[in-house]
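What the coordinates show
The chain contents come next:
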Amino acid sequence: PDSHTYPLSEFYFRAKLPLPRIEIIPGDAVPEPFRSLLVHQKDMTPTLEDFHKSRIHLEILSSDPRGGYYFREVVLRLGHDEAPVEFGANKIHLGAFPEEAQELILLEQVPLGRILKDCEVRHQTAAKHFLRVEPDELIARALELEQPIPLYGRKAVISDLQGRPLSEIVEILPPVRGA
């Protein structure tokens, strides 16, 4: 599979859907405000919570526990008005997390970035690729787009301090209202 779209490509493959057009672009080609939201080595949940000045919660579109991994397709939504602020596809290495964090992940309510913080899971986040995405119907619906416009996202890997992967994630942001 294309490493820059995995695990999103996995969900599309299993749903027998063609992947939307996704191209890798350099970080400095990502326009603001998306550049400051995506081009960094930090977790997305706190970044988005700071930017939108709101707590964020999870809406699960689909999930699939498989052989020690937990795949999920999610929308992150603002606490105060339910607006979508990220569409994500995540492969979580469940066994690499402490028990308390595993339980929270499987409860499917709290975004991974907050679980990492609240459970004090020591980790590092690496943005591997920056993406320009032509949204298809699935992404447009998840992000409540009125018309398809190019979106920006990233492929990131979260690992423990020894470099063992905790999560692989493709994160796609909707247009920023008022920007």
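Residues numbered from 1 in each chain as written. Predicted model: local features only at pLDDT ≥ 70, side-chain atom pairs only at ≥ 80, totals over all residues. Heavy atoms only, no water.

Overall, antiparallel pairing links the seven strands, which are arranged β1-β5-β6-β7-β4-β3-β2 in an open sheet. Each edge of the open sheet carries a strand with a single partner, namely β1 (22–25) and β2 (56–66). Sheet twist, expressed as the average angle between the axes of neighbouring strands with direction ignored, equals 25°. In the sheet, strand β5 (residues 124–133) pairs with strand β6 (residues 151–159) via nine bridges, with the strands oriented antiparallel. Each bridged residue has a counterpart across the sheet, and for His129 the counterpart in β6 is Lys155. (Pairing = 2+ DSSP bridges. Helix = DSSP H or I, 4+ residues; strand = E, 2+ residues; numbered from the N terminus. Axes fitted to C-alpha atoms, helices over the stretch in contact; angles between N-to-C directions.)

With that out of the way, let us pick up the pairing of β5. Across four bridges, the pairing between β1 and β5 is antiparallel. Bridged to Glu23 within β5 is Arg132.

A full pass over the atoms with the stated rule returns two aromatic pairs. With a centroid separation of 6.4 Å and 75° between ring planes, the pair formed by Phe11 and Phe71 is classed as edge-to-face. Taken together, the residues span a long stretch of sequence, with Phe11 in helix α1 (residues 8–14) and Phe71 in strand β3 (residues 69–78) at a distance of 60 residues. On the accessibility criterion, Phe71 (4% relative accessible area) is buried. Here the basic side chain of Arg66 rests over the ring of Phe71, its NZ or CZ set 4.1 Å away from the ring centre. Over the aromatic face of Tyr69 sits the side chain of Lys91, whose NZ or CZ is 4.2 Å from the ring centroid. (Phe/Tyr/Trp six-rings, centres within 6.5 Å; stacked < 30°, edge-to-face > 60°. Buried < 20%, exposed > 50% of the residue type's maximum accessible area, 1.4 Å probe, protein only. Lys NZ or Arg CZ within 6 Å of the ring centre and 35° of its normal.)

So, to be careful, I would describe these as geometric facts and stop short of saying anything about function.
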